[in-house]
2 protein chains.
Amino acid sequence: MSLESMKGVLLNGHGGFDKLEYKENIPIPEIKDDEVLIKVHAAGINNTDINTRIAWYSKNNILGNSIEIGEKGINNYVYNDGSWGGEGIKFPRIQGIDACGEIVDVGKLINKSRIGDRVIVNPCMKINSNYIFFGSEVDGAFAEYTKVKNDFALKINSKFTNEELASFPCSYSTAENMLLQTNLIKGEHILITGASGGVGSASIQLAKIRNAKISVISEIEKFNDLKLLGANCTYTRDQLNDIQDNSVDVVIDLVGGNYTNQLINKLKHFGRYATAGAVSGPIANIDIRTLYLKDLSLYGCTVLRSNVFPNLISYIEKNEIQPLVKKTFSLDNIVEAQRYFLNKKFVGKIVLTTY
Amino acid sequence: MSLESMKGVLLNGHGGFDKLEYKENIPIPEIKDDEVLIKVHAAGINNTDINTRIAWYSKNNILGNSIEIGEKGINNYVYNDGSWGGEGIKFPRIQGIDACGEIVDVGKLINKSRIGDRVIVNPCMKINSNYIFFGSEVDGAFAEYTKVKNDFALKINSKFTNEELASFPCSYSTAENMLLQTNLIKGEHILITGASGGVGSASIQLAKIRNAKISVISEIEKFNDLKLLGANCTYTRDQLNDIQDNSVDVVIDLVGGNYTNQLINKLKHFGRYATAGAVSGPIANIDIRTLYLKDLSLYGCTVLRSNVFPNLISYIEKNEIQPLVKKTFSLDNIVEAQRYFLNKKFVGKIVLTTY
């Protein structure tokens, strides 16, 4: 490997694991005047990496997430709307929305004092009034080096390891964004679905900071871990009937599909529902009468509000939230890592390292 | 008819027109200390009168509105959740959510100077932190006299006739509430479904006050009337494809059902959707990905925000909105009036008079 090349994982098209190509001679990115070059130490794995790879976001897809499509892809169609933003993905693409690393070079417009900063990357980037996402519309964290505009590389002072810091950005900022959007306040009752996942487990911690009453939906074998995180009441998906209708102030939903309408029934008058995913399936049958007769607000949450990432940095630096790294893999083992991730037998996050 | 009795229409149960009973010997309501007695001059007809009569709001019902169920009722089931608020309706009930009249008596706590005030009734009443609706949880306007707490009888100075004033409260406040909730601002593109109905035609006028670009969905034979009201672009339901995806800032939807997901596709990133009805059917298949990838907000709007009714009074007194009374009927002809209303061959409102 020469000094101008790096290790990394290329995504060569939409499909199964075979579309992921680990290489050791990828050119190191060239930075523009307002960008910084980051030596990536660790990179978190998220549903969105897999969703983007298999073109799950395409309107042609109506399947929920599953191990099978995560491994094999959905089919052989060519999708032109496979990204978060509805545009096509440009291949080859280096994915990875979560990065922790160190600034090793800066563009002409950036103060050289930034070199050496330990940083995490804000993955939701507003550039010329457009929003793009790290590892989706631009190359991301699944490589030894990455580059972003200076503003999106945020310095962090923390005793957490690189792997731990790399577990925060996407999941915790998505969760914080939903709690801000739904304006969860002290004493309110929040119901969190998909509670063992990255966003779910982050939502529990961030709801606990707000002193809410926390109910979660997950699998029985994860209930103890979720209680330790702050859950007050635990339910399986089949136990949804045990939660009283009209008893919940805020729903944070990552499951969607057939569950959405049931979740909406749980909301009180003036209740708020936020979604950032739909692992059980993208299509929901919603009773519109419930929506209007209870004066509900339903929020889709992808783009981060401007105070989300500063809040996240503050929570980390004040030790108000804990990382939940279940397992780490080296970058060349990305397929094994995603297979472990897809099996979802754990609470928290999986992280890749470039060491 | 004695001095203690009045003409009025009793709703004797959920069902068809046969559940409406016109009587001339109904006791005049007795007022409490904080209430006022109103001599009703005119009472508007609304979808909600019919929806409540046929128990359309019951979760057991999944039908859209139609002439047939409006005339005959849905079936013979006993519904215990037939009201807006999900509780059962107490029978007999005097319906009618829209009242224009004159205060003729006041309770002990109310200043007698109110006697003689020309008033319209705010139909959404917050009483002990509960919201109840005029003509639903309490008796309403389909009678010679009605009573409400003093605060909900709002004095109005206007040259409009009683019939014209009675056409405003429910429809225009529902529309204003949705425009406030979705925060429609100058220059934005609004799409209004069910545009010839009471709420739809009010929404056009209220969007025009805000200098929005107004697209409407209705029937071809109503397009001219809707353009005169302020619509810039007119479409039939079958022409929805002619509206570009991602081109609309705000959707005001009274149609619902199969159309909802198409309407959501029309919204731009950060678009807002509000609903207060679902005449084509209460169940909507929504693609949750569209909701979250475009950061949409969906609002159900029934309870009026506190500034809605004061705004409405102001618009009326400043002649900023026009009444659209298509036809009036006398109270004893309520069945004929509702039949005319159900046929929906007009733009605007139908009003009953007690003269």
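Residues numbered from 1 in each chain as written. Chains lettered and ligands numbered in written order. Predicted model: local features only at pLDDT ≥ 70, side-chain atom pairs only at ≥ 80, totals over all residues. Heavy atoms only, no water.

**A look at the pairing of strand S8 (residues 130-133) of chain A**
Residues and elements named next belong to chain A. Bridge analysis of strand S7 (residues 124-127) against S8 gives four bridges, and the strand direction is antiparallel. Opposite Ile127, over in S8, you have Asn130 as the bridge partner. Taken together, S7 and the strand that follows it, S8, pair antiparallel across an intervening segment of two residues, in which Asn128 is found at a positive phi of about 55°. (Pairing = 2+ DSSP bridges. Helix = DSSP H or I, 4+ residues; strand = E, 2+ residues; numbered from the N terminus.)

**Observations regarding the packing of aromatic side chains**
Under the criterion given, the structure shown has 15 aromatic pairs over all chains. With centroids separated by 4.8 Å and ring planes inclined at 80°, the aromatic side chains of Phe168 of chain B and Tyr172 of chain B adopt a geometry described as edge-to-face. In this structure, Phe168 of chain B and Tyr172 of chain B share a single accessibility class: buried. In textbook terms, an aromatic cluster arises when at least three aromatic residues are bridged by ring pairs, as seen for Phe329, Tyr340, Phe341 and Phe346 of chain A. Taking the ring centre of Tyr145 of chain A as reference, the NZ or CZ of Lys39 of chain A above it sits at 5.6 Å. In this structure, Arg289 of chain B is placed above the aromatic ring of Trp56 of chain A, and the distance from its NZ or CZ to the ring centre is 5.5 Å. (Phe/Tyr/Trp six-rings, centres within 6.5 Å; stacked < 30°, edge-to-face > 60°. Buried < 20%, exposed > 50% of the residue type's maximum accessible area, 1.4 Å probe, protein only. Lys NZ or Arg CZ within 6 Å of the ring centre and 35° of its normal.)

**Quick notes on the sheet that holds strand S1 (residues 5-11) of chain A**
Residue and element names in this part refer to chain A. A sheet is described by the order of its strands in space; here three strands give the open sequence S2-S1-S4, paired in antiparallel fashion. The sheet is open, and its two borders are formed by strand S2 (20-27) and strand S4 (93-94), each paired with just one other strand. Bridge analysis of S1 against S4 gives two bridges, and the strand direction is antiparallel. Looking at S4, one finds that Leu11 is bridged to Arg93.

**Focus on the sheet that holds strand S1 (residues 5-11) of chain B**
Overall, antiparallel pairing links the three strands, which are arranged S2-S1-S4 (chain B) in an open sheet. In this open sheet, the two strands that pair with only one neighbour each are strand S2 (20-27) and strand S4 (93-94) of chain B.

**Quick look at the interface of chain A and chain B**
On the side of chain B, 39 residues touch chain A, which itself brings 39 residues to the contact. When the two sides are added together, the surface that chain A and chain B hide from each other amounts to roughly 3,200 Å², 57% of it contributed by carbon and sulfur. At the surface where chain A touches chain B, the tally comes to 23 residue pairs in polar contact (both at pLDDT 80 or more). For the side of chain A that touches chain B, the element with the highest residue contribution is helix H8 (residues 288-293) of chain A, accounting for six residues. Of the residues that constitute the side of chain A that touches chain B, the class distribution is 21 nonpolar, 14 polar and four charged. Pairing between strand S16 (residues 283-287) of chain A and strand S16 (residues 283-287) of chain B: five bridges, direction antiparallel. Looking at S16 of chain B, one finds that Ala284 of chain A is bridged to Ile286 of chain B. (Contact = heavy atoms within 4.5 Å. Buried area = accessible area lost by both parts, 1.4 Å probe. Polar contact = N/O pair within 3.5 Å; in protein donor to acceptor, adjacent residues only side chain to side chain. Nonpolar A, V, L, I, M, F, W, Y, C, P; charged D, E, K, R; others polar.)

**Describing helix H7 (residues 259-266) of chain B**
Across the eight residues of H7 of chain B, six count as buried, placing the element largely inside the fold. Of the positions making up H7 of chain B, those classed as buried are Thr260, Asn261, Leu263, Ile264, Asn265 and Lys266 of chain B.

**Concerning the packing of helix H4 (residues 169-181) of chain A against helix H5 (residues 198-209) of chain A**
All names here are of chain A. In contact at an axis separation of 8 Å, H4 and H5 are set at 55° when each is read in the N-to-C sense. In terms of axis orientation, H4 runs oblique to H5. Between H4 and H5 lies a crossing whose hand is right-handed. Across from Ser171, Tyr172, Thr174, Ala175, Glu176, Met178 and Leu179 in H4, the residues of H5 making contact are Gly198, Val199, Ala202, Ser203, Gln205, Leu206 and Ala207. Partitioned by chemical class, the residues of the contact of H4 with H5 number eight nonpolar, five polar and one charged. (Axes fitted to C-alpha atoms, helices over the stretch in contact; angles between N-to-C directions. Parallel < 35°, antiparallel > 145°, perpendicular 65-115°, else oblique. Left-handed = near helix turned anticlockwise from the far one by under 90°.)

**Let's talk about the relation of the copies chain A and chain B**
Each of the two chain copies can be generated from the other by rotation about an axis followed by a shift along it. The transformation that overlays chain A on chain B combines an axial shift of 0.0 Å with a rotation of 180°, and the residual RMSD is 0.0 Å. Accordingly, the operation relating the two chain copies is best matched by a two-fold axis. Residue by residue, 100% of the interface of chain A is reproduced at the interface of chain B, so both copies engage with the same surface. (Least-squares fit on C-alpha atoms with pLDDT ≥ 70 in both.)

**Comments concerning the nonpolar core**
With 236 residues, the main nonpolar core has Ile190 of chain A together with Ile190 of chain B as its most contacted residues. What Ile190 of chain B contacts, discounting residues up to four positions off in sequence, is Leu179, Leu184, Ala207, Ala212, Lys213, Ile214, Ser215, Val248, Val250 and Ile252 of chain B. (Core = buried A, V, L, I, M, F, W, Y, C linked by side-chain atoms within 4.5 Å.)

**Notes on the side chain of Asp117 of chain B**
Inspection of the secondary structure puts Asp117 of chain B in the loop between strand S5 (98-106) and strand S6 (118-121). The class for Asp117 of chain B is buried, based on a relative accessible area of 11%.

**Some words on helix H10 (residues 334-343) of chain B**
Residues and elements named next belong to chain B. Taken together, the buried positions of H10 are Ile334, Ala337, Gln338, Phe341 and Leu342. Viewed along the axis of H10, the buried residues span an arc of 135°, placing them on a single side of the element. For H10, the elements touching its buried residues are S1, S2, helix H1 (47-53), helix H2 (67-72), strand S18 (325-330) and strand S19 (349-353). Just downstream of H10 lies Lys344, where phi reads positive at about 50°. (Arc of directions from axis to C-beta.)

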